[in-house]
Amino acid sequence: MKVTIVGAGPAGLYLGILLAKAEQPHEITVLERNPADATFGWGVVFSEETLGALRDADYASYLDITDTFARWDAIDISYRDTVLRSRGHAFSAIARKQLLAILQRRAAELGVTQRFGTEIDGQAGVMELCADTDLLVGADGVRSVVRETATETFRPTITPQGGTYIWYGTDLVFDAFRFIFAESEHGLFQVHGYPFDEHASTFIVECPETTWREAGLDEMSEADSIAFCEHLFADELGEHRLLSNKSTWMRFPLVRNGSWHARIADTPVVLLGDAAHTAHFTIGSGTKLAMEDAIALAAAFVRHGSDNPAAIQAALVHYERERKPVVERFQQAATDSAEYFSRVHEHTHLAPPQFAVNLLTRSGRISHTNLAQRDADFVRGVDVWFATGSAERAVAPPPAFTPMTLRGLRLANRMVSATPGDAGLVLTPLTAVTPGGRVNPDTPTLRTDTDTARLRAAVTEANAEGSALGVLLGHAGRRGATRPPDRGVDIPLPEAEAWPLLAPSALPFGKGSQPPNAMTSDDLAEVRDAFVAAAGCAVEAGCGLVALDCGYGYLLASFLSPLTNRRTDDYGGAVDNRLRFPLEVVGAVRAALPDDCPLAVRLTVTDWARGGMTADDGVAAARAFREAGVDLVHVVAGQTVAESTPEYRRGYLNTLSDQVRNGARVPTMVGGHLTTVDAVNTVLAAGRADLCVTEFLTEPAALTSGRAA
C-alpha cells in the first residue's frame, strides 16, 4: 500500500513507524510544512497507561522516549499561600522537540520518506496527492487542509472552549505537576506547570476572557505579556523567567468530526490526532490520544489487511468504531475540566483541602477512593478536615458518614434515600398539597387528620432506624391527572377519571395531555395557602425537614421556565416576575415553620431545552431562594417540557450541584446515578454537594452486604 501522511507531528510520524514495521510492505511518505527542527509548545505529558501502549507498539522508540523522561508522582496545588501535595499520580514528560526528533530518527531507520518544508496547496494540492496514493492520512492538526477538502463527509465542528490561555516555558524546574492560583485586581489567574527535562518546565497561564481583557492583555505585546505574568507569579518564579516560543493568547479549539474517514477522488482518506479530535489541555491528553490513534489504525490494517480497496475500507471503519467512543469519553472529561477552570473563581471561598479535592476530581476520572489508593495520608487529612474543620484529630469517618446539621435537624450521615434504613435522611415522594395537585390517583396528599396520621407513622418508622424524615410537598400542575407510572409516563387519565389542572399558562405538557387552566389570582392564593397548611401538617406529624417541589415541570417549576410561563401579568415575563409566585410560596411556608425546622426546595436548575432555563438561571433562582430562607436546594434538571433533551450519565447532576452550591452559596442535595459510597464521598469531599441521594440504599442491607462498595 502506498501511504501519504500529511503532518509530521507525533501522530503522523508514529503511524509511519508502525506501518513501516508491518509484515506487508508499504511505501510511506510523510509531508510536513515546517522545518524538521521546528515545533510549537514545550513539554508533552504521558501517563503510565499510555507508556504501556507505546512499549507494546514499538519498543525501540519507547526506550528512546523513556530514557529522556522527566518523571514525578506528585501534584502540588498552590492556593491561598498554601501548597498542598497529593502523591501517587505517576506522570512522565518529554520536551516536544525531543519527542519529534526521536520519532523522526526512528521513522528514517525504517525507511519512511520524510519531506519537510512541503506546503500543500489547499484543495488542489490534496486532490493531487489523492491521485498518486492508495491512502491519504490527514494528521495535519486543528486547521487540517485534508479535512477541509471533504467537509461534507467529515462534518467537522470547531468550538472555542474554556478560558483564554498562553503556553509559556520557564527555566524553573518543578519537582511536581504544579497548579498555581493567583488573585489579581482584574480577577483570578491559574497556571498549569510541569517539568519536561532537567532544564525547563511548561508554564501555561489561563484566565477567563473577561479577566484577560480587563487586565489589558488583549492589547499587550509579547514582551509585555511575559512581563505581566512574571510579575503576577513572581513569588513562584523567584529569579527564574518565562520563555516564549511564538506564544500567543488563544481559546482552545474543540474539534469534533461526524466521520473520521472519507473518499476524495475515489481515494480513501482518514483523519488522525488533532485533525480528527481535540481534548482540552487541562487533562493533558492531546499527544496521548494522537499516538493511540496511530496504534489503533495500524492494528486495524494488521487485522483486515491492505491489499485491496475493500480491506482498506474495512480497516478504516474498524479504526473509527474502536477509537471514537474512547475519544468521546476523553472529550467529555476534558469538557468537564475546561468548564471547571472557566468558573474556578467560584470556588475560592472553599478551604484549601476541599478546594484541592474539587480540583483533582474535576474531570470525573479520579475519585475519593482513587486518591486514597494513591496517597492515603492526603485523603486522611481531607476526611479529618471535613469532619472537624481542622487537622487536630488523627482519623475521622469518610464524608458520607459524617453528621450534618441544618437548623435544629441533625442528620447521622450525608446520605438520602426514599426508604428507611441506613440513610441519614429519608425523603418522601411528592406529596400533593391539594387533591387537584396530584400527579396520579395514587399520589398521597397532606390535608386531613388521616393524612397527618399516616405521615406520623412514617416518621416513627424512619426515626426507629436512626433516620430523619423529610416530606416533599408539591403540586403537579399541568403534569397532573396521569395514569400511575407502571402504565407509562405522563399518559393522561381517561376524561371521566381526570380532574381539572392548573398551570401558569394554558399550555398542555405534551401531545395528548389535558390542557390546564391558567391560574387566576384566587387560584394563586389558594395554592399558596395549601402549601402552608400542608407544611403545618408535616410539622405536626414530626417531620424533621419540609421540602417544596420546584422541579421537573410541576407547578412551581412551570412558573420559573419561560417555556411554560407565558403570562403577561406580574407573574410572567422577566425572570424576577417568574420567580414571584415560587418565592411567595417559599416566604409563606418559611414564616409558618418553626425556626428550627429546615426548609428545602427541589429545583430544576436547567430545562435542557432550547429557550428554557439555563444553569446560570438556575443559580440565580437558588440564590433568590436562599435569600428567602431556604436552607437546602435539591438540584435536579430537565423534564420541564416533553421535548427536553436530557444528558443522563453517571453523576450527571454533580456539576450543576457544584455550580449552585458554590455560585449561590447555598447547601445542596444531589442525586443523578450515585451508585457507590465512593461516588458520594467524592461529591461531598469536593464541595459539590452537602447531601447525596443514593441509589444503593433502596435495600437497607445494601451497605452491610458490600453491594455498595
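Being a predicted model, the structure only gives us computed values, none of them experimental.

### Points about the pairing of strand β8 (residues 156-170)
Part 1: For β8 and strand β13 (residues 250-257), the ladder comprises eight bridges, and the chain directions are antiparallel. Each residue of the ladder has a partner; that of T159, found in β13, is L254.
Part 2: Relative to strand β12 (residues 242-243), β8 is paired through two bridges, and the arrangement is antiparallel. From the neighbouring strand, G169 faces β12, where its bridge partner is L243.

### Quick look at the sheet that holds strand β1 (residues 2-6)
Part 1: Pairing is mixed across the open sheet formed by six strands, whose spatial order is β6-β2-β1-β7-β15-β14. Each end of this open sheet is capped by a strand with a single partner; those strands are β6 (113-116) and β14 (261-264). Strand after strand, the sheet turns through a mean of 20 degrees between neighbouring axes, direction not considered.
Part 2: When β1 meets strand β7 (residues 135-138), the two strands line up parallel, connected through four bridges. Paired with T4 across the strands is L136, a residue of β7.

### Some details on the confidence of the model for the protein
Part 1: In this model, the protein carries a mean pLDDT of 93, and residues with pLDDT of at least 70 account for 98%.
Part 2: Every residue in residues 700-709 is under pLDDT 50, and counting partners more than four places away or in other chains gives 19 contacts.

### Comments concerning the nonpolar core
Part 1: In terms of nonpolar packing, the biggest core is built from 70 residues, with L473, F531, V546, L548, L603 and F625 touching the most fellow members.
Part 2: Per-element tally for this core: the top contributor is helix α17 (residues 521-541), with nine residues.
Part 3: The next biggest cluster of nonpolar side chains, apart from the first, holds 68 residues, and it includes L99, L100, A139 and V327.

### Points about helix α3 (residues 59-67)
Part 1: Turning to α3, its buried residues are S61, Y62, I65 and T66. In an axial view of α3, the angular spread of the buried residues amounts to 125 degrees, which keeps them on one side of the axis.
Part 2: If you follow the buried residues of α3, they end up packed against α1 (10-20), α2 (48-57), β4 (70-79), β5 (82-95) and α4 (96-109).

Definitions and cut-offs
Residues numbered from 1 in each chain as written. Predicted model: local features only at pLDDT ≥ 70, side-chain atom pairs only at ≥ 80, totals over all residues. Heavy atoms only, no water. Pairing = 2+ DSSP bridges. Helix = DSSP H or I, 4+ residues; strand = E, 2+ residues; numbered from the N terminus. Axes fitted to C-alpha atoms, helices over the stretch in contact; angles between N-to-C directions. pLDDT = per-residue confidence, 0-100. Contact = heavy atoms within 4.5 Å. Core = buried A, V, L, I, M, F, W, Y, C linked by side-chain atoms within 4.5 Å. Buried < 20%, exposed > 50% of the residue type's maximum accessible area, 1.4 Å probe, protein only. Arc of directions from axis to C-beta.

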